[in-house]
Each structure stands twice: as structure tokens, then as C-alpha cells.
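# Structure at a glance
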Amino acid sequence: MSNSLENLEQSFQDRIDRGEKIEPKDWMPDRYRKTHIRQISQHAHSEIVGMLPEGNWITRAPSLRRKVALLAKVQDEAGHGLYLYSATETLGITRDELTEQLLAGKAKYSSIFNYPTLSWADIGAIGWLVDGAAIINQVMLTRTSFGPYARAMVRICKEESFHQRQGFEIMLTLCRGTEAQKQMAQYALDRWWWPCLMMFGPPDAESTHTEQSMKWKIKLKTNDELRQQMVDQTVPQAELLGLTIPDPHLKWNESRGHYDFGEIDWDEFWRVVKGNGPCNKERLEARRKAWEEGAWVREAALAYAEKEAERTAVSAAV
Amino acid sequence: MNDQQALYQYLLLLGDSPMILGHRLSELCGHGPSLETDIALTNISLDLFGQVRNYFQYAAKVQAEGKSEDDIAFLRLAHEHRNVLLTEQPNTDFAHVIGRQMFFDTFHQLLLEALRDSKDEQIAAIAHKSLKEVKYHTRFSSEWVKRLGDGTAESHRRMQDALDHLWPYAGELVQESPLEKQMKQQGIGADLEQIRPLYWERVNAILREATLEVPENSWFQAGGKKGIHTEHLGYILSDLQYMQRAYPNMSW
Amino acid sequence: MKKQWPLWEIFIRSKNGLEHRHVGSLHAADAKMAMENARDVYTRRQEGVSIWVVPSKHITASNPDESGELFEPSMDKAYRHPTFYDLPDELKHM
């Protein structure tokens, strides 16, 4: 068999079709590498930027129990970002390079984090809906073809199981509380519902990456299939809470066995993706500030490590 | 103050410093100089809030007025807080964060070691459990003081600036207040007279190894233990208490 | 480009009696920091009782292109496995 590029690509695809995992040092098509660097780092950036809207309520959490749960959750997101950056780094790019792409606006992150958290109920809504949507996506990704990505996902899914429960419990407490608390919960659902459905990306008809991604098992279901799964699983949960999903067209469709739902405002989606969401600028600015103000700290630690290594070498020589 | 009131106040004194410092650290979550450091600082914050909950749950029991840990944490006025002024100092830069932490951790470890022998079994148990956490904090912050002090010219300058700023707040930790004296005499509280020389010895050793100058100033600000605070505390409390004040008497 | 904190590979023993297993990697300026970071990043949920940290650059990996000559020769050596040997059923526990 000749080692032509075509043959290599074919046997690579055969491996994926057989359900084999691809490991970092294996031969892989250049596009596979690039797509993974883009997608995994985008996922990592989302975890890191995602710390900001929730972090906004850490100092104002209403009870000590809620405060430690939220702190632990936001900290987990830092950990998840770290696992994902590590997975990206196996493909031959550094975390610093990835961070610079993010800060230069060249890399994307999930648009959902460009919306503001305006009340404590938003923390509940994010855990319930945003993490709910993320879990749907991530459970699928535990079976993706690239080994380091799949392994990071397994770890992340295991850790995230408490996140959604944490959010739902916040919502439940509010919905069983006073009128003011119920209103707070409803108002949060009103604002987060549609952006959450947008998290699964553009409709299949307009999605440019879907076909290739499914071939490489980066995706096992289409955007619209995942979105439908989100709607189907969330409606009964909203009923249990006694909250109203802000969609007059939402209706059970007996023949499809799914809920029908209204039209998503894709203009809004693209507006936010292109940088004009309510908080795009603040989010990137916060990350840039942390990165720039941390530069001297990172340098100092390296300089100290080098001095220590020299001192050890000298004392060993004597 | 009867014994029970004194014990209650002493528990506030033990819990308030970790609470305010934990709050300051929690402000940094998502804004650290590297992901790994961000995670580490949040861990310390979580440890401190865990300790706060232990102290305040016990304080609520001692007070016996049917209040909860949250009533104690979120519904006191500024002058009813007994934390030291050091813990209120802002996150000016990473050197300030680390310097503040190093002073507090060094003291905190000595305090907890002493409180393990408290006649009050509950306090002894909390101290025993917390000590494991705080030993790790001490290691973390003292190593970082060395990294920054003996790192680059810039980090050295920043660490020295932070020390110069924090130094006047470093003494209050080991200044015995009347309440602490009373608790010491009852065998419940720690003896700050014994802790003081060890504290300064350890602080000086860390600074020396970090190639930093011990600041000359020998006047120490104090007042936190009796409820007279810096201007920072009011702002901290307006965040901390926001929900409980805006939506009183609700469960969360 | 500026230098960044080097990469470390992290191995964790989840409980005594088990081997250390590779769990992932992280960045740290020195070994002490790598150890502390590993504790914070990879044992937040009591996942470990012991940690090894190894600079990633010190790991030598086998080349996947050579997998054939490295690993396939052992495939036809069934006599290394206990099931290769036929023994009477009456003989238990061997």
C-alpha cells in the first residue's frame, strides 16, 4: 500500500469508523489537528470566560452554604478550562498562544457568557439551563475520536454532575419561597431561555462544520437534535418549578414525540457572536486584565525557579 | 460579660477574620495571574469559609437565641465585627494578596496549634481540623513570598511595597485584647503572649529568605478586635450582606 | 515569545495498594509549585493519597509509527497466557 496522503487519510478515517481513538502522536490530517485545536480551545476559553458571570455573585451569595457551593463550582470551571487547555496542548500549541488568540479576539467562546447576571436567580438559571445544555453536549463528546479530548470530557462530566443540581436547587428554593423570590426566578428564566437554546449553534441547514465534524466523531448529533433534546428535557423541569417558559409556541407534538417550539432570533445570535452582546467587551477586558496584571507574577516565578535550580546545582557541585 | 457571652464574642473573633479574608480571596476567583494560582487561592477561600461555618454554627448554639450561621455571618453591623484590620486590606496586586496571606497564615497556624488544647472541646475540634488546611496555606503563601521577593527586580519591588503597606497591620494579630485575655484565663482561648515571639520569628525568617527588608515602622494599627475598622469594611459588608438586607427573612 | 511555565505530567495514586496513574498535566514554575497545583487541580474530590509530578520534557514516548514492530510480535505468543494450557476440570485453582 502506498503512503500517499489519500491512503493515509483513508486509513485514518477507517480507524475512526472502527471506533478507535486517535492519540496526539498518531498521524492525523492537518485539518483534523486544526479543527481540534480550534474546537477544544474554544471549549477551554468558554470555561474560563464562563467563570466571570457566575463569579459576579460570589461575594453576594445569600448564604454561606450557597457561597461555598458557588465558589467550588466556579473553581471547577477553572479546572475544566485547565484540562481542556492541556488536551489542546498535546496537539502542539501552547496555552500562552491559545490565551493570546482569545485576547486578540481571534478565538471564540460560547456566546452565552456574554449575557449579564442581574440577580441571584441568574446563578440558579445558569446552573439549571446553561450547565444543562453544556452537559448534553459534553456527554456526547465523551465518545469523540480524539483521546485527550474524550478523556477530559469524562473527567468534566463526572465533576459537573453537581453543577446542574446546584442550579436547580437554587431555582427550587426560590420557587417555593416568597412572591419576590418567584418573580426573581421567572425573570431569570425569561432572560436565559432563548440564549440557552442558541448555545447549540446555528440550525443544521446553516451549520458549516456539521458534516465533517460528524465524520470525525467530534459531533455525534446535529445542533438541532441536541437543541430538541434540551427543550424536551427542560419543559417538565420548568413545570415542576411552576415557571413559565417564555415561548407562546411551545407545545407537545404527539406525532413527533417532541415539543414544538418557536423561532429563535438568529439575528441576535449572530450579533452576539460578532461581538455586540451585552457583555462581550467586559468579559474580554476582565480576562485581558488578569492576564496582563499576572505577567510579572508568572515571570517572577520562572526567575525564582531558575535561581533555585542554579543554587541546587552549585551546592551539588561543592 | 458573662462566660457565655464572652465565649460567643470569642467565636466571632475566631470566625470573622477568616470570613473577611475568605471574602477578599473570593473576589479574585476568575481573575488570578494563572489558572493554577486562581484555583489555589479559591481553595484557600473555601477552606476559610468552611472554618467560618464551624465557628458560627457553634456560636449560634452558644448564643441560644435560635439564630443560624447565616444570621451571624450576614446580619451584624460593621462595629459588631471582630476581624483584624489586615484581613480587610484590598487586593491591590498579587504581592499584596500574598503578603496579607503570609502574615495571616503564619499567625493562624500558631493560633490553631494552641487552640487544639482549648478546654472547650468544640473549639479544640475545629482547631484540629482546620490546622491541616492552614498548614498548607502557610506553605503556599510563604513560598510565594519567596518567589516574588527573590524573583525579578519588578516582583521584588512590588513585594517590598506590599510589605511596607501591610506591615502596620501585621501586629494586631498578636496584640492581646481584653476578651482574649479573659478567654486565655479560662483555658479556652490561646495565649498570644506565647505566640507573639514565634510569629515574629517566622515572619522575619520568611522575609530574610525572600531577600526582603523588614520595614522600620514599629507602630501597629489596631481596633478590629473591638469593632473599630478601616473604611474598607463597610464596602465589604455591603456586598456580603446585600441579599440578606435587600430580601430580609427569606430562605435561600 | 515570552517563556511560559513548563508543563508537568501528573500521576496520582487513588488509594494505597493501587499504582499511580496518569491523570493529566498542568503548568508550574518549579516542582514544589507543580506539586501544590496538582493537589489543587487533580485532588479536589479526594481522588488521591499520593502524587508524582514529572516535567513533561523528560518523558520519552514510543513512536506510534513503530507500533507494529513494538507490540505486534507479542500477539502470537499465546503460550504466555494461562488459557494456552489444557488442564482437567477436576484440577481447581491453578
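Before reading on, note that the structure itself is shown above.
First, a word on scope: everything that follows refers to the structure included in this document. Just so you know, these numbers come straight off a predicted model, no measurement behind them.

### Topic: the interface of chain A and chain B
With 46 residues of chain A at the interface, the matching set in chain B holds 46 residues. Buried area between chain A and chain B, summed over both chains or domains, comes out near 3,900 Å², and the portion from carbon and sulfur atoms is 70%. At the junction of chain A with chain B, the criterion picks out 3 salt bridges. Among the salt bridges present, the one from Asp150(B) reaches Arg311(A), with a minimum N-O distance of 3.0 Å.

### A few points about the sheet that holds strand 2 (residues 20–27) of chain C
Residues and elements named next belong to chain C. Overall, antiparallel pairing links the 3 strands, which are arranged 2-1-3 in an open sheet. Among the strands making up the open sheet, the edge pair consists of strand 2 and strand 3 (50–55). Within this sheet the neighbouring strands show an average axis-to-axis angle of 25 degrees, counted without direction. Note that strand 1 (residues 7–13) and strand 2 share 7 bridges and pair antiparallel. Paired with Glu 9 across the strands is Ser 25, a residue of strand 2.

### Thoughts on helix 2 (residues 30–55) of chain A
Quick reminder: α-helices carry 3.6 residues per turn. Residues three or four places apart thus point the same way. With 26 residues, helix 2 of chain A extends 38 Å from end C-alpha to end C-alpha; this agrees with the ideal 38 Å at 1.5 Å per step. Counting buried positions along helix 2 of chain A yields 19 of 26 residues, so the element is predominantly enclosed.

### Concerning the packing of aromatic side chains
Residue and element names in this part refer to chain B. Considering all chains together, one arrives at 23 aromatic pairs over all chains under this definition. Measuring from ring centre to ring centre gives 5.2 Å for Phe 94 and Trp 144, while their planes differ by 85 degrees; the resulting arrangement is edge-to-face. Of this pair, Phe 94 sits in helix 4 (residues 94–115) while Trp 144 sits in helix 5 (residues 121–149), and the two are 50 residues apart along the sequence. You'll find Phe 94 and Trp 144 in the same group, each marked buried.

Parameters and conventions
- Residues numbered from 1 in each chain as written.
- Chains lettered and ligands numbered in written order.
- Predicted model: local features only at pLDDT ≥ 70, side-chain atom pairs only at ≥ 80, totals over all residues.
- Heavy atoms only, no water.
- Contact = heavy atoms within 4.5 Å.
- Buried area = accessible area lost by both parts, 1.4 Å probe.
- Salt bridge = Lys/Arg side-chain N within 4 Å of Asp/Glu carboxyl O.
- Pairing = 2+ DSSP bridges.
- Helix = DSSP H or I, 4+ residues; strand = E, 2+ residues; numbered from the N terminus.
- Axes fitted to C-alpha atoms, helices over the stretch in contact; angles between N-to-C directions.
- Expected span 1.5 Å × (residues − 1).
- Buried < 20%, exposed > 50% of the residue type's maximum accessible area, 1.4 Å probe, protein only.
- Phe/Tyr/Trp six-rings, centres within 6.5 Å; stacked < 30°, edge-to-face > 60°.

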